[in-house]
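Residue-level listing of the chains:
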Amino acid sequence: MLIRSRAPLRLGLSGGGTDVSPYSDEFGGCTLSTTINMYAYCTIEPTDNHKIEFFAADLSEKFVCETKSVLEIDGVLSLHKGIYNTIVKKFNNNNPLSFRMTTYSDALPGSGLGTSSTMAVTIIHAFVEWLKLPLGEYDIAHLAYEIERIDLDLKGGKQDQYSATFGGVNFIEFFSDDRVIVNPLRIKKWIKNELEDSLVLYYTGQSRDSSRIIEEQIKNTISKEKSSLAAMHKVKETAIKMKEAVLTGDFDSFVKCLARGWEEKKKASSVITNENLENSYTYAIQNGAKAGKISGAGGGGFFMFFVDIANKIEFIRAMENKGGMIICPKFVINGSEAWTINNL
């Protein structure tokens, strides 16, 4: 028997950073995002050899031990171990499990596409399928958030877990006491087509650790640093305006929101951008992009650019000449999924 799962990565269109505590607790946050046709994958093969085996194929990392109820979090596949510990403790009466798990993602950590949280969601969903756990979408997303942010103390926000679990284009609201509301947007087909075909991802060739950016943002919120806090308020305001632009098909307004959101976000932390990223952005604008932003916390990963569809090929050629990887993402509706195969 094999249990498989997958969850889609996301593009953060606007509002990123306002989903991070304590900002979201004190002021309320909101994000606009869409899931795309890039995934994190998990396969669980139950075994009877009394062993736990983790293999992260994309990272070439492996861990094997005798089965036990609690695994030490030692920096080796900590996400996998943290999820296992919680599943066994909360849902399996502390009874250890014997299995082989293989995971991989279409994008490496540091891409800015929510890779880590999406991986958490897909691993949890595989356990839900295997153990027949009574967990719905909100439960899976919140559990992923708890394990990442509280148990493992990995810095970040809440939007990625909910985007990956629910799928689609969502306006997600964040409140105090970890209360989250996912609002799926009913977008007309022509608007979805125009938006999807206008977005181009450009990999900067620069991976990043988002924790430093998040830590500075948290520090600025706690200390009530005026310019940073004002920038976050404007980022939230921009997300609300962008939602309206998407629903009505006002792409001029969408472009203005995208540009403004990027400029304001850079004021929230001193490490969101750097000279190389600014050079890439300027080059893209000079070669036909109308606006753009880094997807995710910033500091590297994928730039997301909005271009005129008629000039898209010329833009792609120009960016390829600069170096770096180009992806033209497609939107996907479904969130995380899991299934069982009995005949392999």
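Since the model is a prediction, treat every value here as computed from it, not as a measurement.

What counts, and at which threshold
Going along each chain's sequence as written, the residues are numbered from 1 onward. Per-residue local features are limited, in this predicted model, to residues with pLDDT of at least 70; the limit for side-chain atom pairs, both in listing and counting, is 80 or more; totals at the level of whole chains, interfaces and linings are taken over all residues. In computing side-chain values, all of the structure's heavy atoms are included and hydrogens and water are not. We define a salt bridge as a contact between a side-chain nitrogen of Lys or Arg and a carboxyl oxygen of Asp or Glu at a distance within 4 Å. For helices the rule is a DSSP run of H or I covering at least 4 residues; for strands it is a run of E covering at least 2, with both sets numbered from the N terminus onward. Throughout this description, buried means an accessible area under 20% of the type-specific maximum (1.4 Å probe, protein chains only), exposed means over 50%, and partly exposed covers the range between. What qualifies as a polar contact is a pair of N or O atoms within 3.5 Å, subject to a donor-acceptor requirement within protein and to the restriction that residues adjacent in sequence count only when both atoms come from side chains. For this analysis, residues touch if any pair of their heavy atoms sits within 4.5 Å. Here the rule is simple: two strands pair whenever DSSP picks up at least two bridges between them. Working definition: a ring pair exists when centres of Phe, Tyr or Trp rings (six-membered ring for Trp) sit within 6.5 Å. Plane angles under 30 degrees give stacked, over 60 give edge-to-face, the rest tilted. Here an axis means a line fitted to C-alpha atoms, over the contact stretch when the element is a helix, while the angle between two N-to-C directions is reported on a 0 to 180 degree scale.

Draft legend 1. View of the pattern of salt bridges. Summed over all chains, the structure comprises 18 salt bridges. Taking the shortest distance from any N to any O, the salt bridge between Glu53 and Arg100 comes out at 3.4 Å. Note that Glu53 is positioned in strand β3 (residues 51-56) and Arg100 in strand β5 (residues 99-105), a separation of 47 residues in sequence. Take Arg100: its relative accessible area is 31%, and that puts it in the partly exposed class. Through salt bridges with shared partners, one network takes in Glu45, Glu53 and Arg100.

Draft legend 2. Fine view of the side chain of Asn170. Tracing the backbone shows Asn170 in strand β6 (residues 169-174). Taking the relative accessible area as the measure of exposure, Asn170 reaches 1% and is therefore buried. Polar side-chain contacts of Asn170 include one of 2.9 Å to the backbone oxygen of Gly167. Residue contacts for Asn170: discarding those within four places in its chain leaves Thr31, Leu32, Ser33, Val182, Asn183 and Pro184.

Draft legend 3. Spotlight on the pairing of strand β4 (residues 61-66). Where β3 and β4 come together, six bridges link them in antiparallel fashion. Residue Phe54 lies in a different strand from β4, and its bridge partner there is Phe63. Where β3 hands over to β4, the hairpin turn is made up of four residues, of which Ser60 adopts a positive phi near 55°.

Draft legend 4. Region of interest: unusual backbone geometry. A cis geometry characterises the amide bond from Ser21 onward to Pro22, with omega recorded as 10°. Mapped onto the fold, Pro22 is located in the loop between β1 (2-14) and α1 (23-27). Located in the positive-phi region is Ser60, a residue other than glycine, with phi close to 55°. Among the secondary structure elements, Ser60 is positioned in the loop between β3 and β4. Among the residues examined, Ser60 registers a relative accessible area of 63% and is labelled exposed. In the Ramachandran plot, Lys132 falls in the positive-phi region, its phi being about 55° despite a non-glycine side chain. Within the fold, Lys132 resides in the loop between α3 (115-131) and α4 (137-151).

Draft legend 5. Up close: the packing of aromatic side chains. A complete count under the given rule lists 20 aromatic pairs for this structure. Aromatic pair Tyr23 and Phe27: ring centres 5.0 Å apart, planes at 35°, arrangement tilted. On the criterion of helical spacing, the pair formed by Tyr23 and Phe27 is a turn pair, its members being four residues apart in helix α1. Among the aromatic residues, those joined into a ring-pair cluster are Phe54, Phe63, Tyr84, Phe99, Phe127 and Trp130.

Draft legend 6. Representation of the sheet that holds strand β9 (residues 289-294) within the structure. In spatial order, the strands read β9-β10-β8-β11; together these four strands make up an open sheet with antiparallel pairing. Pairing within the sheet leaves two strands with one partner each, and these edge strands are β9 and β11 (326-327). Bridge count between β9 and strand β10 (residues 302-307): five bridges; the pairing is antiparallel. Bridge pairing links Lys293 to Met304 in β10. Strands β9 and β10 of the sheet are contacted by helix α9 (residues 251-265), whose axis makes an angle of about 40° with β9. Each of β8 (199-203), β9 and β10 is contacted by helix α10 (residues 275-286), which is oriented at about 160° to β9, the strand it contacts most.

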